[in-house]
Amino acid sequence: MTALPAFAATVPDSGDTAWLLAASALVLLMAPGLALFYGGMVRSKSVLNMIMMTFGALAVIVIVWVLVGYSLAFGDDLGAGLLGDPFQHFGLSDLMAAGDSAVPTILFAVFQGLFCVITGALISGAIADRARFGAWLVYVAVWTVVVYAPVAHWIFDFSAGEHVGGWMANRVGVLDFAGGTAVEICSGASALALAIVLGPRLGFGRDAMRPHNLTLVMLGAGLLWFGWFGFNAGSALGANQSAAVVFAATLVAGAAGTLGWLSVERLRDGHATSLGAASGMVAGLVAITPSCGSLSPIGAIVMGAVAGGICAWAVGLKYTFGYDDSLDVVGVHMVGGIVGTLGIGLIATAAAPTGVDGLLYGGGADQLGKQTIGVGAVLVYSFVISGIIGLIVDKAMGFRIDGEHEVSGIDLIVHAETAYDLHATAGARSSGSGLFGGLHSGDHRDEEDE
Amino acid sequence: MKLITAVIKPHKWEDVREALETFGVTGMTVSEVSGYGRQKGHTEVYRGAEYDIALVPKVRIEIVTEDDDAEDVVGIIVKTAQTGRIGDGKVWVSGIETVVRVRTGDRDEAAI
């Protein structure tokens with residue numbers, strides 16, 4: 001992410017503004033993309049809940065972001081670069097009038113809010129099939145305020161003029177173009193803590209919890225890649241050379257990630273799988289997220305391929321350590337985010353938009369050290385605070401559904417819906433609508449409080 | 001009257017149906033089922049995790065015939081569905097007490 005460009009020739013710049021409007025819509029598309037990507041990976045009895053966790057997070061985070069999240073992340077620093085002034089842009093009301101930046105600040109606020117949406121939604125992959133919907137919404141609202149907003153302030157809020165931003169970007173000089181720390185590591189570490197708090201799915205490691213619809217997974221992965229161009233190239237905050245270089249890196253890394261993962265699979269398991277192709281593509285994109293502004297296209301090939309290979313290995317860690325990160329948020333996003341963020345310190349080139357050479361380009365170990373600080377800080381902070389929120393929500397209202405309901409399927413018990421009606425003989429008959437006939441007391445409805 | 005039940009490989013069902021139609025069988029009930037015998041299941045791999053999938057998809061055919069036709073029908077099914085490889089399936093014959101045609105109320109042989 002670059003600082004919001006100010007004092008352009010024409011205010012606002014129509015080209016820059018048009019691109020950021022489109023880029024914001026692209027980032028929004030990543031939410032349904034993620035919902036399909038995740039939804040296809042769970043069993044057919046819980047696909048709706050998986051999709052609803054993303055759509056629910058989208059709705060809650062947008063509101064929280066507009067009210068206080070944006071101010072916490074991008075308001076004037078309260079001190080030490082840790083947090084912005086929570087009341088400065090309350091409700092974004094002060095951003096209605098035109099300012100002096102090339103892109104309207106309210107558009108920047110919306111774009112950044114959508115980053116928070118996708119980060120929060122990513123976490124849900126670690127707690128598939130077993131979380132109460134209301135508890136998830138409460139978690140994600142609190143997480144937006146106390147985890148995401150501060151971390152976004154640290155890395156995305158640049159000091160400019162009288163405005164003082166976050167410590168990582170301004171005092172340390174950590175490079176993170178589009179969110180290897182705030183988005184990828186933050187979501188992965190938050191997810192790891194939450195998976196531990198909730199505990200594994202019943203039958204984890206014993207039952208075959210195979211994906212119920214890989215065509216949905218592939219479609220979702222494709223939509224994610226498409227949206228990722230808005231995510232990364234939009235982070236240039238303008239329609240310019242930086243955006244174009246970043247766009248190219250985003251294309252290249254997805255391709256290289258696919259090949260990296262498939263190579264590991266072919267050698268280790270004997271087959272190149274469709275789930276592997278989708279996962280490798282995402283792993284490559286995760287790693288290029290922080291580094292897209294710092295690498296050459298050749299560097300992006302290396303970054304994508306290495307991330308694809310490492311993540312293909314990292315998704316097996318949950319079986320070694322026994323945490324049920326159901327859809328591999330840790331193995332793909334946390335590990336891929338670390339690879340991408342640290343990798344900047346190794347293979348960054350000064351010819352790229354961020355203008356810094358990494359260790360292998362003769363820049364010394366200086367940048368690598370800065371990157372390590374950024375990775376460590378976000379990793380520890382996200383993990384600890386997410387775990388605390390999870391524990392409090394669990395104590396206060398209960399985070400998990402009943403074991404019996406988990407086994408019979410969360411869709412029916414939490415949402416009173418079935419994803420697929422494939423049989424003519426389901427025995428379904430209308431019992432009068434809730435509006436006109438009152439609620440029918442089917443045997444599953446009176447058991448659930450959702 | 002006999003009830004003939006056959007569990008066969010799904011890709012053989014069209015051949016079996018054609019052969020039975022040529023013989024003169026006018027109707028049957030067909031279901032997609034899953035099960036396993038000596039063929040066992042197979043292995044699938046998702047993100048490096050191997051799963052043993054025990055059940056194999058099969059097609060189950062049910063035909064009611066007169067006593068005299070039963071052996072011929074069984075012979076046709078076995079001959080047509082046979083590939084010689086493991087997992088070809090099974091055919092069995094059981095006796096039936098009564099058959100009623102729902103539309104007319106016809107009973108037994110008249111209902112077949």
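Note that the structure is a prediction, hence the values are computed from the model and not measured.

K.L.:
So what exactly am I meant to see when it comes to the overall build of chain A here?
P.N.:
Secondary structure assignment for chain A yields 16 helices and zero strands. Radius of gyration (C-alpha) of chain A: 22 Å, near the 22 Å computed for a compact globule of 450 residues. Considered along the principal axes of its C-alpha atoms, chain A spans approximately 65 × 55 × 35 Å. For chain A, with 450 residues in total, the buried portion stands at 57%.

K.L.:
Please explain the sheet that holds strand β5 (residues 56-65) of chain B as it appears in this structure.
P.N.:
Where strands meet in a sheet, backbone hydrogen bonds hold them as pairs that are either parallel or antiparallel. All names here are of chain B. Read across the open sheet, the four strands follow the order β2-β5-β1-β6; overall the sheet is antiparallel. Pairing within the sheet leaves two strands with one partner each, and these edge strands are β2 (29-35) and β6 (89-95). Going across the sheet, the axis of each strand differs from the next one's by a mean of 20°, ignoring polarity. With seven bridges joining them, β2 and β5 adopt antiparallel strand pairing. Its bridge partner being in β5, V30 is matched across the sheet by I61.

K.L.:
It is not clear to me how helix α8 (residues 241-269) of chain A should be interpreted in this structure. Could you clarify?
P.N.:
In an α-helix, one full turn covers 3.6 residues, which means residues spaced three or four apart are oriented alike. Over its 29 residues, α8(A) runs 42 Å from end to end, which matches the ideal 42 Å to within 8%, given 1.5 Å per residue. Positive phi appears at A:G270, one or two residues downstream of α8(A), with a value of about 95°.

K.L.:
Help me understand the confidence of the model for chain A in this model?
P.N.:
Low-pLDDT stretches of the model should not have their predicted coordinates read in fine detail. The pLDDT averaged across chain A works out to 93; a share of 92% of its residues lies at or above 70. Low confidence marks residues 438-450 of chain A, where pLDDT is under 50. Its contacts with residues over four positions away, or in another chain, come to 16 contacts.

K.L.:
Would you take a moment to explain unusual backbone geometry for this structure?
P.N.:
Most peptide bonds take the trans configuration, and most residues that are not glycine carry a negative phi. Non-glycine residue A:L92 carries a positive phi angle of around 60°. Residue A:L92 is classed as partly exposed on the basis of its 17 C-beta neighbours within 10 Å. Despite not being glycine, B:R47 has its phi angle at roughly 45°, a positive value. Here B:R47 shows up in the loop between β3 (42-46) and β4 (49-53).

K.L.:
I'm lost on the environment of A:V252 in this one. Help?
P.N.:
Residues and elements named next belong to chain A. On the secondary structure map, V252 appears in helix α8. Measuring from C-alpha to C-alpha, the distance between V252 and I401 comes to 42 Å, with 149 residues separating the pair along the chain. Residue contacts for V252: discarding those within four places in its chain leaves P297, A300, I301 and G304.

K.L.:
Help me out: how do you make sense of the nonpolar core in this one?
P.N.:
A general trend in soluble globular proteins is that nonpolar side chains are found buried together. Membership of the largest hydrophobic core comes to 154 residues, with the highest contact counts inside it found for A:V27, A:L34, A:I118, A:A126, A:V151, A:L192 and A:M303. No other element matches the 17 residues that helix α2 (residues 47-74) of chain A contributes to this core. By size, the runner-up hydrophobic cluster in this structure holds twelve residues, among which are B:I4, B:A6, B:V25 and B:V73.

K.L.:
Would you take a moment to explain the interface of chain B and chain A for this structure?
P.N.:
By a widespread convention, an interface's size corresponds to the accessible area lost as its parts come together. At the junction of the two partners, chain B supplies seven residues and chain A supplies 13 residues. Counting only elements with at least two residues in the side of chain B that touches chain A, the list comes to β3 and β4 of chain B. Top contributing element to the side of chain B that touches chain A by residue count: β3(B), with three residues. In the side of chain B that touches chain A, the residues fall into four nonpolar, one polar and two charged.

Conventions used here
- Residues numbered from 1 in each chain as written.
- Chains lettered and ligands numbered in written order.
- Predicted model: local features only at pLDDT ≥ 70, side-chain atom pairs only at ≥ 80, totals over all residues.
- Helix = DSSP H or I, 4+ residues; strand = E, 2+ residues; numbered from the N terminus.
- Rg over C-alpha atoms; globule rule 2.2 N^0.38 Å.
- Buried ≥ 20, exposed ≤ 12 C-beta atoms within 10 Å, placed from the backbone.
- Pairing = 2+ DSSP bridges.
- Axes fitted to C-alpha atoms, helices over the stretch in contact; angles between N-to-C directions.
- Expected span 1.5 Å × (residues − 1).
- pLDDT = per-residue confidence, 0-100.
- Contact = placed C-beta atoms within 7 Å.
- Core = buried A, V, L, I, M, F, W, Y, C linked by C-beta atoms within 7 Å.
- Nonpolar A, V, L, I, M, F, W, Y, C, P; charged D, E, K, R; others polar.

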